[in-house]
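Each chain, letter by letter, is given below.
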Amino acid sequence: YPSTGSFSRSAINYTAGAKTQMSSITAAIIVALTLLFLTPLFYFLPKCVLAAIIIGAVITLVDIKYPIQLIKFNKDDFLMLILTFIITLTIGIKEGIISGVLISIIMLIYRSTRPHIAECVQIKGTEYFRNKNRFENTEQRDDILIFRFDGQLFFANSEYFKEQLHDMISQREGNLKYIILNSEGINHIDSSAIYMLENTIEALKNKGYL
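Residues numbered from 1 in each chain as written. Predicted model: local features only at pLDDT ≥ 70, side-chain atom pairs only at ≥ 80, totals over all residues. Heavy atoms only, no water.

Novice: Just to check I follow, could you spell out the environment of serine 10 for this structure?
Specialist: Secondary-structure assignment places serine 10 in helix α1 (residues 7-15). Separated by 47 residues in sequence, serine 10 and alanine 57 place their C-alpha atoms 9.0 Å apart. (Helix = DSSP H or I, 4+ residues; strand = E, 2+ residues; numbered from the N terminus.)

This is the structure in structure tokens:
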């Protein structure tokens, strides 16, 4: 079996209601008979007519709802989709695929260096601690800072970790006595991050934080 096939031909196959591999065999037989006996009839057929047939078949596979959903839920993916679409449309399919892969890699690196960070507070009447920006009806102690880092901690984001932690501390200076690191979202720590944590903890102890 071929690993892939013509997108337009697959679209026509799908639109025609094909269910099994017999559709491919039937199509191959028809194409072979056309090349052997009907070529003179199609020789002067304008290319715009063939293009219209292909466009008419492929247009049914274009999903307009998906980009609209991306605008609502994930604008980064929507941006990647639009950029890849424009490059494919204006330059070529190969360049569009390559650019899509490169943009995805860049976004992956960016997200790994800027993971989500939250200050956790206790929800009233419970023992749960959640992001204070996403929950209401919470209790917050002025002397405790609970810092949550949602991602692996490694050399590319260790400085970002330290900066964000110091920013939260500076906003709470005065009554702050205890700093708690919620590390349930940290699934990996490399040697650079360990070194940064040791230095940060030592510096905070010297400032009187426990």
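Novice: Mind showing me how you'd approach the pairing of strand β4 (residues 144-150) here?
Specialist: It is a general feature of regular strands that their side chains alternate between the two faces of the sheet. Counting buried positions over the seven residues of β4 gives six, a clear majority of the element. Looking at chain direction, strand β1 (residues 116-123) and β4 are connected through five bridges and run antiparallel. Bridge assignment links alanine 118 to a residue of β4, and that residue is arginine 148. Pairing analysis gives five bridges linking β4 to strand β5 (residues 178-182), with the strands arranged parallel. Across the sheet, the residue bridging to isoleucine 144 is tyrosine 178, located in β5. The parallel pair β4 and β5, bridged by helix α7 (residues 158-171), forms a crossover whose chirality is right-handed. (Buried < 20%, exposed > 50% of the residue type's maximum accessible area, 1.4 Å probe, protein only. Pairing = 2+ DSSP bridges. Right-handed = clockwise from strand over helix to strand, strands pointing away.)

Novice: In this structure, what is going on with the nonpolar core? I would like to understand it.
Specialist: It is characteristic of soluble globular proteins that their nonpolar side chains tend to be buried jointly. Residues Phe147, Phe149, Leu153, Phe161, Leu165, Ile169 and Ile179 are the most contacted members of the largest nonpolar core, which totals 18 residues. Counting residues per element, the ones that place at least two in this core are β4, α7 and α8 (191-206). A per-element tally of this core places α7 first, with five residues. Among all residues touching leucine 165, those that are not within four sequence positions of it are Leu145, Phe147, Ile179, Thr200 and Leu204. (Core = buried A, V, L, I, M, F, W, Y, C linked by side-chain atoms within 4.5 Å. Contact = heavy atoms within 4.5 Å.)

These values are about where atoms sit, not about what they do.
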